[in-house]
Amino acid sequence: MSSRTAGEDGGQMIKPMDMENLICAADQARQNAYAPYSRFHVGAAVLCADGTVFTGCNIENASYPVSNCAERTALFKAVSEGYREFKAIAVISDAEGFTSPCGVCRQALSEFCEPELVIYMCGRNRKCRQTTLGELLPFAFSL
């Protein structure tokens, strides 16, 4: 884990137990990834304001643009169930180093989340780096 604590960088305060549970949920979701082409398995878990957690994994397709990232899978599951307020998201992959959301996922997150959304970017060893959506996407496109 990073030595930074939640909220240290202007992000929302996340309890250490919530952070650990979120990372664990993302890691479990990673096990369901369908990645026969890239062999890059990613899991994500989004923490809603009320404490509800939604998970997702990456789902590839032979036609790459049809694929969906783990972050958007988790986010869209939450939104489809009526959730619109989020505190944090954890992303974990098979990579040794931490995995950050791609540009498309960053933009999708910015549609529903405040710049203070806490993002835990983790590698397979569960070592993570913490940031916020605003730090990753300082000039998000919006109408």
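Residues numbered from 1 in each chain as written. Predicted model: local features only at pLDDT ≥ 70, side-chain atom pairs only at ≥ 80, totals over all residues. Heavy atoms only, no water.

A. Main features of the sheet that holds strand 3 (residues 86-93). Strands sit in the order 2-1-3-4-5 across an open sheet of 5 strands; the sheet is mixed. Each edge of the sheet is formed by a strand with only one pairing partner; in this case those strands are strand 2 (53-57) and strand 5 (128-132). Between one strand axis and the next, the sheet turns by 15° as a mean value, whatever way the strands run. The pairing of strand 3 with strand 4 (residues 118-122) spans 5 bridges and is parallel. Looking across to strand 4, one finds that Ile 89 is bridged to Ile 119. Along the sheet, helix 1 (residues 16-30) makes contact with strand 1 (42-48), strand 2, strand 3, strand 4 and strand 5, crossing strand 1 at roughly 140°. (Pairing = 2+ DSSP bridges. Helix = DSSP H or I, 4+ residues; strand = E, 2+ residues; numbered from the N terminus. Axes fitted to C-alpha atoms, helices over the stretch in contact; angles between N-to-C directions. Contact = heavy atoms within 4.5 Å.)

B. View of helix 3 (residues 103-112). Along helix 3, the positions that sit buried rather than exposed are Cys 105, Arg 106, Ala 108, Leu 109 and Ser 110. In this structure, the buried side of helix 3 is in contact with helix 2 (70-80), strand 3 and helix 4 (133-136). (Buried < 20%, exposed > 50% of the residue type's maximum accessible area, 1.4 Å probe, protein only.)

C. Examining the side chain of Glu 71 more closely. Tracing the sequence through the fold places Glu 71 in helix 2. Buried charged residue Glu 71 carries no salt bridge. Nearest counter-charge: Arg 72, at 6.6 Å. When near neighbours in sequence (up to four residues on either side) are disregarded, Glu 71 contacts Val 42, Ala 44, Ile 89, Val 91, Ser 100, Pro 101, Cys 102 and Cys 105. (Lys, Arg positive; Asp, Glu negative; His and termini not counted. Salt bridge = Lys/Arg side-chain N within 4 Å of Asp/Glu carboxyl O.)

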